[in-house]
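An overview of the molecular structure
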Amino acid sequence: MYFVGFDLDLTLADTRVGIAAVYDELSKRLGVPIDTAAVVSRLGPPLETELAYWLPEAEIPAAAALYRDLYAGIAVPATSVMPGAREALAAVHDAGGSVIVVTGKNTADAKRTLDALDLPVEAVEGSLFGAEKGVSLASFGAAAYVGDHVADIAAARAGGTVSVTVATGPYTAGELREHGADVVLGDLTEFGTWFRRWRGETSFT
């Protein structure tokens, strides 16, 4: 048994519309202007990091709690599957592997998102970012980690696994290469071809 790890936002799931809608509601309830276009342009870091752009430090914990209360009802129904995501998971499963999703999103909302999109995975680890993800990846012995952010490259490095990136998030293919990704794909529609070739060249169980 082997695992392949995947990020969630902008890797498996297009959460931009849903997240923007939650921030719009948050802005209305808190009476604080929030530029949702700016928010969705830098998805990846923890929620509290983004909220710090808009709110004083003392107000962030309450705002984060409200955001999470709103997320399931607003964001999850507005989330869609990224191109190639179903096929990418199927490629891993068809080869006898298992999938772990390691994401900055909290575990409960990550599971809700995956269930709503009918994306089958074996494990979900949430509220992790950058090198923190590496601890989870290492604990599963992940053979590769797939993400869209330069922090996902750091995650793969920290987890001792292959860094596979997709240029579907805030970074271009060139930027992902410059940050040291082992593999750069345009999107997950290219994953299956790469994975089957790599699987045939790699010895792991």
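For the structure given in this document, a descriptive report is provided here. Throughout, residues of each chain are indexed from 1 in the direction in which the sequence is written. Only residues with pLDDT of at least 70 are given local features in this predicted model, and only at 80 or more are side-chain atom pairs given and counted; all residues enter the totals for whole chains, interfaces and linings. Water and hydrogen atoms play no part in the side-chain values, which are based on all heavy atoms of the structure.

Observations concerning the overall build of the chain
The helix and strand inventory of the chain stands at 10 helices and eight strands. Against the compact-globule benchmark of 17 Å for 205 residues, the chain has a radius of gyration of 17 Å, which places it among compact chains. Within the chain, contacts between residues at least 6 apart in sequence are counted, and of these 60% link residues at least 24 apart. Each accessible area is a Shrake-Rupley estimate made with a 1.4 Å probe; only the visible protein chains count as cover when residues are assessed. Total accessible area on the chain stands at roughly 8,800 Å², and carbon and sulfur atoms take up 52% of it. Each helix is a run of DSSP H or I of at least 4 residues and each strand a run of E of at least 2, with the numbering of both proceeding from the N terminus. Restricting the calculation to C-alpha atoms gives the radius of gyration, and the globule rule supplies 2.2 Å times the number of residues raised to the power 0.38. Residues count as neighbours in contact if any of their non-hydrogen atoms are within 4.5 Å of one another.

Some points on helix α5 (residues 85-94)
We call a residue buried when its accessible area falls under 20% of the maximum for its residue type, exposed when it is over 50%, and partly exposed in between, using a 1.4 Å probe and counting protein chains only. Along α5, the residues classified as buried are A85, A88, L89, A91 and V92. Buried positions in α5, seen along its axis, are confined to an arc of 150° and lie on one side of it. Of the exposed residues in α5, the ones pointing more than 90 degrees away from its buried face are E87 and D94. Buried-residue contacts for α5 involve β1 (3-6), β3 (80-81), β4 (98-102) and α10 (191-201). Phi for G96, located one or two positions after α5, is positive at around 85°. Of all possible arcs, the one meant is that of the directions from the helix axis to the C-beta atoms.

Considerations on the side chain of K133
Its location among the elements puts K133 in helix α7 (residues 132-140). Filtering out sequence-adjacent residues up to four positions away, K133 remains in contact with D7, V102, T103, G104, L128, Y145, D152 and A155.

Points about the side chain of T11
Turning to its location among the elements, T11 is positioned in the loop between β1 and β2 (13-14). Within the structure, the side chain of T11 is placed 3.0 Å from the side chain of D148, a separation counted as a polar contact. Excluding residues within four positions of it along the chain, T11 makes contact with F6, M82, V146, G147, D148, V166 and L188. Pairing of N or O atoms within 3.5 Å defines a polar contact, subject to two protein rules: one partner must be a possible hydrogen donor and the other a possible acceptor, and residues neighboring in sequence count only if both atoms are side-chain atoms.

Some thoughts on the nonpolar core
The tendency in soluble globular proteins is for nonpolar side chains to be buried side by side. What is meant by a nonpolar core is a set of buried Ala, Val, Leu, Ile, Met, Phe, Trp, Tyr and Cys residues, joined one to another through side-chain atoms within 4.5 Å. Judged by nonpolar contacts, the single largest core of 30 residues is most densely connected at V4, F6, L12, L188, F191, W194 and F195. Looking at this core, the elements that each hand over two or more residues are β1, α5, β4, α6 (107-117), β6 (144-147), β7 (162-166), β8 (183-185) and α10. With five residues, the top contributor of residues to this core is α5. Once you skip the residues sitting within four places of it in the chain, L12 turns out to touch F6, D7, S80, V81, M82, A85, L89, V101, L114, L119 and L188. One finds A20, L26, I60 and A64 within the second-largest nonpolar core, a separate group that totals 23 residues.

Regarding the pattern of salt bridges
Salt bridge, as used here, is a side-chain nitrogen of Lys or Arg placed within 4 Å of a carboxyl oxygen of Asp or Glu. Inspection of every chain in the model, using the stated rule, returns 10 salt bridges. When the shortest N-O distance is used, the salt bridge between E25 and K28 registers 3.4 Å. Taken together, the positions of E25 and K28, both in helix α1 (residues 16-30) and three residues apart, correspond to about one turn of that helix. Residue class for E25 comes out buried when judged on its relative accessible area of 18%. D152 is the salt-bridge partner of K133, the closest N and O atoms lying 2.9 Å from each other. With a gap of 19 residues between them, K133 in helix α7 and D152 in helix α8 (residues 150-158) connect regions that are remote in the sequence. Across the pair, exposure class does not vary: K133 and D152 are buried alike. Within the structure, one salt-bridge network assembled from shared partners comprises D7, K133 and D152.

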